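# Overview (structure and organization)
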Amino acid sequence: MGRSALFDKLPGILAAEPLAQHLAFGIGGEAQWYWECADVDKMEDIVRKCSGEGVPLTVLGAGSNTLVGDAGISGFVVKMVDKRTSVDREHGTITAHAGAMMPRLALDAAKSGCSGLEFGIGIPGTVGGSVLGNAGAFGKEIRDVLLSCDVLLPTGERRTLAAADCGFAYRTSIFKHAYSGATVLRAVFGVTQGEPQRIKAHIDSLSAERKSSQPYGKKSLGSTFKNPGGQKAGMLLEQAHCKGMRFGGAHVSEKHANFIINDAHGSAADVVKLVTQMHEAVFNEMGIDLEPEIVMLGTFRTKEDAS
Ligand SMILES: Cc1cc2nc3c(=O)[nH]c(=O)nc-3n(C[C@H](O)[C@H](O)[C@H](O)COP(=O)(O)OP(=O)(O)OC[C@H]3O[C@@H](n4cnc5c(N)ncnc54)[C@H](O)[C@@H]3O)c2cc1C
């Protein structure tokens, strides 16, 4: 694929950029071209040009739910870092751009006396990634608080979608299906007014609850598998003796059997082997076909595998 004129004009664009250093999990090969988007309004031009020139476009947030293959991602990879947020007290809304981090949003909302986004403290990803996956924690999901979001379709056409039109269900949305390839630019959340100290105290209690039940301060992707019909995937994996399972530099957390930890030198191949083994363990023991919650992007075959 030749270097497009689009890329020559973009300040800050990097070729053959290792993605591991830009992703929360610390695993992933190179992006053919990599760029950080600090202003979502620049995306329209990029989406149109990528579409016009047939260059694949991949949009990433914090990478807290994404396993990128060891052979990287071909085409143009954009990491969303537009973290701007604004509060509209009169209408009871907070607008957050795609790169805003959910925990920061929860804390900033609390400081402004806005309640409703406290659950974001448990989701170490961006607003864009969280809308795509209808992220949720502590009994609340994005669909409970989102009013609308601005998106770009793969053609570059802008749309504002009401939450009711986003096809939200458990850890999924229309952006994983009919609108696959759309870029989430910003989201508008409905909030209620409250006492900042009380909201912050609620956040602190949720945070403490998380730290007691999940590995904290380690490189992971959160839940590897979705909870199947009313059951806890973590419990099933524990019963199938997955805790402590290891491949190369990745292992299943001893604290929570649905979490894979990268020990700093893990590869995507290690993680894939672990995911396969965990899935098999539960299937063989209980006949339950666990569905991955993590997203896998890019090329997983290495050059050695291919030869
Ligand atoms: C310790 C830990 C705890 C976690 N706990 C939870 C939890 O309680 N609940 C929960 O739901 N998740 C949880 N997660 C998973 C993760 O934080 C969420 O899924 C989060 O919403 C992902 O956001 P991200 O920015 O990291 O997305 P990424 O991993 O960067 O991307 C995820 C997907 O979204 C796409 N994407 C990202 N940004 C955009 C955009 N702007 N437009 C279009 N597509 C986009 C990517 O292409 C990819 O397909 C946890 C993860 C960790 C590491």
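Residues numbered from 1 in each chain as written. Predicted model: local features only at pLDDT ≥ 70, side-chain atom pairs only at ≥ 80, totals over all residues. Heavy atoms only, no water.

### Topic: the site of the ligand
- Around the ligand, a shell composed of 33 residues is seen, among which Val59, Ser64, Thr66, Thr126 and Gly136 lie nearest.
- One nitrogen or oxygen atom from the main chain of Gly63 is found 2.8 Å from an oxygen atom belonging to the ligand.
- Interatomic distance of 2.8 Å between a side-chain N/O atom of Arg210 and an oxygen atom of the ligand.
- Starting from 970 Å² of accessible surface for the ligand in isolation, the protein chains cover 92%.
- Taken together, the elements giving at least two residues each to the shell around the ligand come down to β3 (57-60), α4 (127-132), β9 (136-137), β13 (183-190), β15 (219-223) and β19 (295-297).
- No other element matches α4, which puts four residues into the shell around the ligand. (Near = heavy atom within 4 Å. Polar contact = N/O pair within 3.5 Å; in protein donor to acceptor, adjacent residues only side chain to side chain. Areas by Shrake-Rupley, 256 points an atom, 1.4 Å probe, with all protein chains shown as cover. Helix = DSSP H or I, 4+ residues; strand = E, 2+ residues; numbered from the N terminus.)

### As for the pairing of strand β2 (residues 30-37)
- As defined by bridge partners, strand β1 (residues 14-18) adjoins β2 across four bridges and the pair is classed as antiparallel. Looking at β2, one finds that Pro18 is bridged to Glu30. (Pairing = 2+ DSSP bridges.)

### Considerations on the environment of Ser205
- If you trace the backbone, Ser205 turns up in helix α6 (residues 196-213).
- In the structure, Ser205 is positioned 75 residues away from Glu280 in sequence and 36 Å away in space, judged by C-alpha atoms.

### Describing the domain arrangement of the chain
- For the chain, the assigned domains are domain 1 (5-80), domain 2 (85-210) and domain 3 (216-289).
- Computed from C-alpha atoms alone, the centre-to-centre distance between domain 2 and domain 3 is 27 Å. (Domains from an automatic or database assignment.)

### What about the sheet that holds strand β7 (residues 93-97)?
- Overall, antiparallel pairing links the five strands, which are arranged β6-β7-β13-β11-β12 in an open sheet. At either end of the open sheet lies a strand with only one pairing partner, and these are β6 (85-88) and β12 (158-162). Taking each pair of neighbouring strands and ignoring which way they run, the sheet shows an average axis angle of 15°. (Axes fitted to C-alpha atoms, helices over the stretch in contact; angles between N-to-C directions.)

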